[in-house]
Structures are given as structure tokens and as C-alpha cells.
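Architecture at a glance
Here is how the chains run, residue by residue.
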Amino acid sequence: ALYTRCLQHYRQRVQPQLGIGGRDDDLGSAAAYFVLVNLAVLEDREPDPRGLPAVERQLRRMLGAAAEWSRCPLADRQQGFEQLAALAVLMNESRLAARVQGAAAQQHLRTAAAGYLRQMLGLEAERLTVSAAGLAWAEGVQ
């Protein structure tokens, strides 16, 4: 039920607010929002939507270059989108709750955010920064 509510929240509130969605494939948008939310958790700040267009382009390019992804059945790609979208909403809501719950909850959430970035997209959070120009890695921009 929580997964469904988070996905519904993403589709009804996040996509329209950020001006994303309505494309044939909205995985890049969900992946970009997922990254922005998890980096915001790690830095204890609000997600900055100014980086969304550039991060989305980078992640679309990255996912498009992954041969495994292009060979996945449509149902698997849809599931990937849903997982990223639902987790992004859950993490953003958890970020707000952790502020009230205290330092231990915030630390637990930061650990989860770094783990989700690594698990879902293979990104090492400690090497990432984001700006309006997109994601930058400690060893250069990808």
C-alpha cells in the first residue's frame, strides 16, 4: 500500500510540479528526481529542481548506453521506473520526518540514501555533486 501511495504521489504531485512526465519513457525523469532527492538527504537540504534537466539528460544517456537496459522487456523497465519514483517520494518524505525525529534518524536516512544511489544506479554518493550543469563526479564530469 505504501509503494502504491508513493507512486501515486509521484505521478499526481511530483511530475506536474517539476514539469516532467508525459513522455513515452519517463525513466530518465524519475532517475534524475531520485538522484536529486537522495543527494538532498545526504546534504540535509531541499532537492533543487534547477539541476533536474541536466541530470535527466545525463542519466538518459547513461541508461541508453547500457546494453542490458535496452534489452530488458518493457515490463521490467516499467518496474525500474516505478521503483525509482516511489523510492524518491519515500526518501523525500522520510527526510522531512527525520528532521523532527533527530540526529539518529537523519544519520540512518543518510546511510539509506547512499545505499540506494549505489544499489539502484551504481553511483557513489561521496563522489557526486549536482548543479544546474548536472552531476559532476570527483574525478570529472561524465
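Residues numbered from 1 in each chain as written. Predicted model: local features only at pLDDT ≥ 70, side-chain atom pairs only at ≥ 80, totals over all residues. Heavy atoms only, no water.

Re unusual backbone geometry
- Its identity is not glycine, yet Asp44 carries a phi of approximately 50°, on the positive side.
- With respect to the helices, strands and loops of the structure, Asp44 is situated in the loop between α2 (27-43) and α3 (52-65). (Helix = DSSP H or I, 4+ residues; strand = E, 2+ residues; numbered from the N terminus.)

Regarding the packing of helix α5 (residues 74-101) against helix α6 (residues 103-121)
- Look at α5 against α6: their axes get within 9 Å of each other, and the N-to-C directions meet at 165°. When the axes of α5 and α6 are compared, the pair comes out roughly antiparallel. Regarding α5 and α6, the two cross each other, and that crossing is left-handed. Between α5 and α6, the contacting residues are Gln83, Leu84, Leu87, Met91, Ser94, Arg95, Ala98, Arg99 and Gln101 on the first element and Ala105, Gln106, Leu109, Ala112, Ala113, Tyr116 and Met120 on the second.
- A per-class count over the contact of α5 with α6 returns ten nonpolar, four polar and two charged. (Axes fitted to C-alpha atoms, helices over the stretch in contact; angles between N-to-C directions. Parallel < 35°, antiparallel > 145°, perpendicular 65-115°, else oblique. Left-handed = near helix turned anticlockwise from the far one by under 90°. Contact = heavy atoms within 4.5 Å. Nonpolar A, V, L, I, M, F, W, Y, C, P; charged D, E, K, R; others polar.)

Details of the packing of aromatic side chains
- A complete count under the given rule lists two aromatic pairs for this structure.
- Centroid distance Tyr10 to Tyr33: 6.0 Å. Interplanar angle 50°. Geometry classified as tilted. Of the two residues, Tyr10 sits in helix α1 (residues 2-18) while Tyr33 sits in helix α2, which places them 23 residues apart along the sequence.
- Overall, Tyr33 belongs to the buried group, its relative accessible area being 9%.
- Between Tyr10 and Phe81, the aromatic rings sit 5.9 Å apart at their centres with planes inclined by 70°, giving edge-to-face as the arrangement. With Tyr10 in helix α1 and Phe81 in helix α5, the pair connects residues that are 71 residues apart, well separated along the chain. Each member of the pair, Tyr10 as well as Phe81, carries the same accessibility label: buried. (Phe/Tyr/Trp six-rings, centres within 6.5 Å; stacked < 30°, edge-to-face > 60°. Buried < 20%, exposed > 50% of the residue type's maximum accessible area, 1.4 Å probe, protein only.)

Details of the confidence of the model for the protein
- Put simply, the protein has an average pLDDT of 88, and 92% of its residues get 70 or more.
- Averaged pLDDT values over the elements of the protein bottom out at 77 in helix α4 (residues 67-71) and peak at 96 in α6. (pLDDT = per-residue confidence, 0-100.)

As for the nonpolar core
- Counting residues in hydrophobic clusters, the biggest one holds 38 residues, and the most contacted among them are Tyr10, Phe34, Val35 and Leu135.
- Contributing elements (two or more residues each) for this core: α1, α2, α3, α5, α6 and β2 (134-137).
- Top element by residues in this core is α2. It accounts for eleven residues. (Core = buried A, V, L, I, M, F, W, Y, C linked by side-chain atoms within 4.5 Å.)

Digging into empty space enclosed by the protein
- Summed over all chains, the structure comprises one cavity of 30 Å³ or more.
- If you trace the largest cavity, you find it lined by Val41, Asp44, Arg95, Ala98, Arg99, Gln106, Leu109 and Arg110.
- Within the lining of the largest cavity, the residues separate by chemical class into three nonpolar, one polar and four charged. (1 Å grid on protein atoms, 1.4 Å probe; cavity = no way out; pocket = protein on both sides within 12 Å on 5 of 7 lines; lining within 4 Å. Points joined across faces, edges and corners; volume = space filled by probe spheres on them.)

A word on the pairing of strand β1 (residues 128-131)
- Pairing geometry for β1 and β2, over four bridges, is antiparallel. Paired with Val130 across the two strands is Leu135, which belongs to β2.
- Between β1 and β2, which pair antiparallel one after the other, the connecting turn spans two residues. (Pairing = 2+ DSSP bridges.)

Topic: the pattern of salt bridges
- Evaluation of the coordinates by the stated rule reveals eight salt bridges.
- Among the salt bridges present, the one from Asp44 reaches Arg99, with a minimum N-O distance of 3.3 Å. Here Arg99 lies in helix α5 and Asp44 lies in the loop between α2 and α3, a separation of 55 residues in the sequence.
- Linking Arg95 and Glu46 is a salt bridge whose minimum nitrogen-to-oxygen distance equals 3.1 Å. (Salt bridge = Lys/Arg side-chain N within 4 Å of Asp/Glu carboxyl O.)

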